[in-house]
Amino acid sequence: MRIGIIGTGTVGRTLADKLVALGHEVTLGSRTKDNPKAVAWAEQAGPNGHTGTFADAAGFGEVVLNATAGTVSLEALRAAGAERLAGKVLVDISNPLVFSAEGAVSLDPVNTDSVGERIQREFPDARVVKALNTLSAPLMVDPGRVPGEHNLFVAGDDAAAKTELVSLLGEFGWPAEAVIDLGGIAAARGMEMLMPFWLQLMRAFGTTDFNYSIKRAE
């Protein structure tokens, strides 16, 4: 599969590494073609790893992953171009974290809106799925880092898009039964609101190798 990744940070490069290792072809997109992180990644990724602009990545991918910070995601996707995202599964991994000068964390948007919803509204022809925003990048692609059963969440208005993503997550090692479908894209609100809590857990545990495990009565 051809996959475009919007964003060259830790999340984008970790996903790109895994996808290339699985045999997929990846274009890692940034604001400019000569982004040092993207160029360095492509040089070591082999023939299936490419670099380019946000627009290049969006045009290249059959599936597109938004791995930018939530506060700049819309700007990055506008640069990618609505026409290049139309009809494609667009996986939104972002969190709209805002840090104060004192280090306090808040979200913008929050409560009555989410980045996932804003993306779907602005790009109505894209098939937006919110996913992978509730855990660390290494764990996204290697669930075995945490022993036992634990969960991922997905939300989106397009059921077929969610099914396609669950199949791709299976290649990462996530069994389908570990993925909890929370319904439409409005559920992205709750998923994004988990991230400040996740940061508190990270500080308490002193590691990012943890995840949520949801238990229910039979």
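**A closer look at the pairing of strand β1 (residues 2-6)**
Most of β1 sits inside the fold, with four of its five residues counted as buried. Where the polypeptide runs from β1 across helix α1 (residues 10-21) and back to strand β2 (residues 25-30), its parallel neighbour, the crossover connection is right-handed. With four bridges connecting them, β1 and strand β4 (residues 63-66) associate as parallel partners. Looking at the pairing, Ile6 lines up with Asn66 of β4.

**Digging into the pairing of strand β3 (residues 49-53)**
Two strands pair when backbone bridges link them, and β2 and β3 are joined in this way by five bridges, in the parallel orientation. Bridging from a neighbouring strand, Ser30 pairs with Thr53 of β3. Handedness of the crossover is the feature at issue here: the chain leaves β2, passes through helix α2 (residues 36-45), returns alongside β3, and the resulting connection is right-handed.

**What about the packing of α1 against α2?**
Orientation of α1 relative to α2, taken along the N-to-C sense of each, is 15°, at an axis distance of 11 Å. Classed by the angle they form, the pair α1 and α2 counts as roughly parallel. Helix-helix and strand crossings are classified by hand; for α1 and α2 the assignment is right-handed. The segment α1 lies against α2, with Arg13, Ala16, Asp17 and Val20 engaging Lys37, Trp41, Gln44 and Ala45.

**Considering the side chain of Asn151**
Summarising the element assignment, Asn151 is placed in the loop between α7 (137-141) and β9 (152-155). By relative accessible area, Asn151 is classed as buried at 8%. What Asn151 contacts, discounting residues up to four positions off in sequence, is Trp174, Glu177, Ala178, Ile180, Asn211, Tyr212, Ser213 and Ile214.

**Re helix α9 (residues 188-205)**
Relative to the 26 Å expected for 18 residues at 1.5 Å per residue, α9 spans 25 Å between its end C-alpha atoms, a close match to the ideal helical length. Along α9, the largest kink reaches about 30° and is centred on Pro196. Buried within α9 are the following residues: Ala188, Met191, Glu192, Met195, Trp198, Leu199 and Leu201. Against β5 (89-92), β6 (97-99), β7 (105-107), α6 (115-122), β8 (127-131) and β9 lie the buried residues of α9. Gly206, located one to two residues past α9, shows a positive phi value of around 75°.

**Looking at the environment of Ala126**
Residue position: Ala126 is located in the loop between α6 and β8. What makes Ala126 buried here is its relative accessible area of 5%. Residues within four places of Ala126 in sequence aside, it is in contact with Leu85, Ala86, Gly87, Lys88, Leu90 and Gln120.

**As for α1**
Because an α-helix completes one turn every 3.6 residues, residues spaced three or four positions apart along the sequence face the same direction. In this model, α1 (12 residues) spans 16 Å end to end at C-alpha, consistent with the 16 Å of a helix rising 1.5 Å per residue. Every buried residue of α1 is accounted for by Gly12, Thr14, Leu15, Ala16, Leu19 and Val20. Positive phi appears at Gly23, one or two residues downstream of α1, with a value of about 100°.

**Concerning the sheet that holds β3**
Spatial strand order, β3-β2-β1-β4-β5-β8-β9-β10: eight strands in an open sheet with mixed pairing. Edge positions in the sheet fall to β3 and β10 (179-181), since each has one partner strand and no second. On average, each strand axis in the sheet is inclined to that of its neighbour by 25°, with strand direction left out of account. As defined by bridge partners, β5 adjoins β8 across four bridges and the pair is classed as parallel. Bridge pairing in β8 links Val91 to Val129. On top of the sheet, α9 reaches β5, β8 and β9; it is set at about 140° to β9, its chief contact.

About the criteria used
The written sequence of each chain sets the order in which its residues are numbered from 1. Where totals are concerned, whole chains, interfaces and linings use all residues; where local detail is concerned, this predicted model gives features only for residues with pLDDT of at least 70, and gives and counts side-chain atom pairs only at 80 or more. As a rule here, side-chain values cover all heavy atoms of the structure and leave hydrogens and water aside. Categorising residues by exposure relies on relative accessible area from a 1.4 Å probe, with only protein chains included: less than 20% of the type maximum marks a residue as buried, more than 50% marks it as exposed, and the intermediate range marks it as partly exposed. Put simply, DSSP H or I for four residues or longer makes a helix, DSSP E for two residues or longer makes a strand, and each gets a number counted from the N terminus. Crossover handedness is defined by viewing with both strands directed away from the observer: a clockwise path from the first strand over the helix to the second marks the crossover as right-handed. A pair of strands is considered paired only if DSSP assigns at least 2 bridges between the two. Axes here refer to lines fitted to C-alpha atoms; in helices the fit is confined to the stretch in contact. Angles between the N-to-C directions go from 0 to 180 degrees. These descriptions rest on fixed angle ranges, namely under 35 degrees for roughly parallel, over 145 for roughly antiparallel, 65 to 115 for roughly perpendicular, and the rest for oblique. When the near helix sits turned anticlockwise from the far one by under a right angle, the crossing is termed left-handed; a clockwise turn instead gives a right-handed crossing. Residues are treated as being in contact if the distance between any of their heavy atoms lies within 4.5 Å. Here a helix's expected span is defined as the number of its residues, less one, multiplied by 1.5 Å. The seven residues ending at a residue and the seven starting there each receive a fitted axis; the angle between those axes is the bend at that residue.

Honestly, that's just the spatial picture; any functional story needs more than this.
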